[in-house]
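Results of the structural survey
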Amino acid sequence: MINPELPSICLIVSSKEIPEKLEIALKAGIKWIQYREKELPRKEILKYAFWVKEITKHYNALLTINDYLDIAIAIKADGIHLGQDDLPIEVAKKFFSGIIGISTHNLEEALDAQKKGAHYIGYGPIFYTTTKKDALEPKGYDMLSLICKKIKVPVVAIGGIKKQHLKDLKAMGCKYVATASGILVGDVKSNVENFLELFQ
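The rules behind these values
Residues numbered from 1 in each chain as written. Predicted model: local features only at pLDDT ≥ 70, side-chain atom pairs only at ≥ 80, totals over all residues. Heavy atoms only, no water. Helix = DSSP H or I, 4+ residues; strand = E, 2+ residues; numbered from the N terminus. Buried < 20%, exposed > 50% of the residue type's maximum accessible area, 1.4 Å probe, protein only. Contact = heavy atoms within 4.5 Å. Areas by Shrake-Rupley, 256 points an atom, 1.4 Å probe, with all protein chains shown as cover. Lys, Arg positive; Asp, Glu negative; His and termini not counted. Charge placed at Lys NZ, Arg CZ, Asp CG, Glu CD. Pairing = 2+ DSSP bridges. Axes fitted to C-alpha atoms, helices over the stretch in contact; angles between N-to-C directions. 1 Å grid on protein atoms, 1.4 Å probe; cavity = no way out; pocket = protein on both sides within 12 Å on 5 of 7 lines; lining within 4 Å. Points joined across faces, edges and corners; volume = space filled by probe spheres on them.

Concerning the overall build of the chain
In terms of helices and strands, the chain carries 9 helices and 8 strands. Its C-alpha atoms give the chain principal-axis dimensions of roughly 40 × 40 × 30 Å. Residues counted as buried form 52% of the 200 residues belonging to the chain. Considering only contacts in the chain between residues 6 or more positions apart, those separated by 24 or more positions represent 54%. About 10,300 Å² of surface is accessible on the chain, with carbon and sulfur atoms providing 52% of the total. The positive charge centre, built from 28 side chains, and the negative charge centre, built from 24, are 3 Å apart in the chain.

A few points about the sheet that holds strand E7 (residues 155–158)
Spatial strand order, E1-E2-E3-E4-E5-E6-E7-E8: 8 strands in a closed barrel with parallel pairing. The mean inter-strand angle of the sheet, taken between neighbouring strand axes irrespective of direction, is 25 degrees. In this fold helix H5 (residues 107–115) packs onto strand E5 (99–104) and strand E6 (120–123), with an angle of close to 165 degrees to the strand it touches most, E5.

Brief notes about the layout of surface pockets
Computed from the structure, the second largest pocket encloses a volume of approximately 170 Å³. In terms of lining, the second largest pocket is formed by 13 residues, of which the most central are Gln 84, Pro 88, Ile 89, Ile 102 and Asp 112. Those elements that provide at least two residues to the lining of the second largest pocket are helix H4 (89–95) and H5. Counting residues per element, the lining of the second largest pocket draws most heavily on H5, at 3 residues.

Topic: the side chain of Thr 104
Counting through the fold element by element, Thr 104 comes out in strand E5. Residue classification places Thr 104 among the buried residues on the basis of a relative accessible area of 1%. Aside from chain neighbours lying at most four places away, what touches Thr 104 is Gln 84, Glu 109, Ala 110, Ala 113, Ile 121, Gly 122, Tyr 123 and Gly 124.

Spelled out as structure tokens, the structure:
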């Protein structure tokens, strides 16, 4: 089983952040990118995925692809991130030998993902988020703290995470965070530096 040494901060980008904001974030020190795109045709997503692969490779950063196993395989991504309604992890493992992360929303899903061999789990949304149209109700800190204690693989907190949340998240035992707007809205370089100050 892969036991990845994951960077503490995962920056989630869509096609509109490529290449300008993405490259600013990588230059500032981000070492893990998740490319997530829901709006474009599959051919367009593949085109952008190749761009992201080249940029992340240049900066020696980890790249995971959200949802699309075929695209992750095609561009030789480091990992794939799957939701609860995506391809089951046991099927993905038959075709993909890289890092596999699973989105979870409660302890039962987290334990199930760990049992089936997820290399990390995403847990959330912790706070309200405008990034996903179908986002669930925020989970808050308490369940995150419990999951961080119960789950052995890395637990990545996600959902509305901004710099003002980082101290409390760390106090809850959280070691990994994923964000989009927390870094991409406003001064990208300054936002990255704020995140790296506590999660590095």
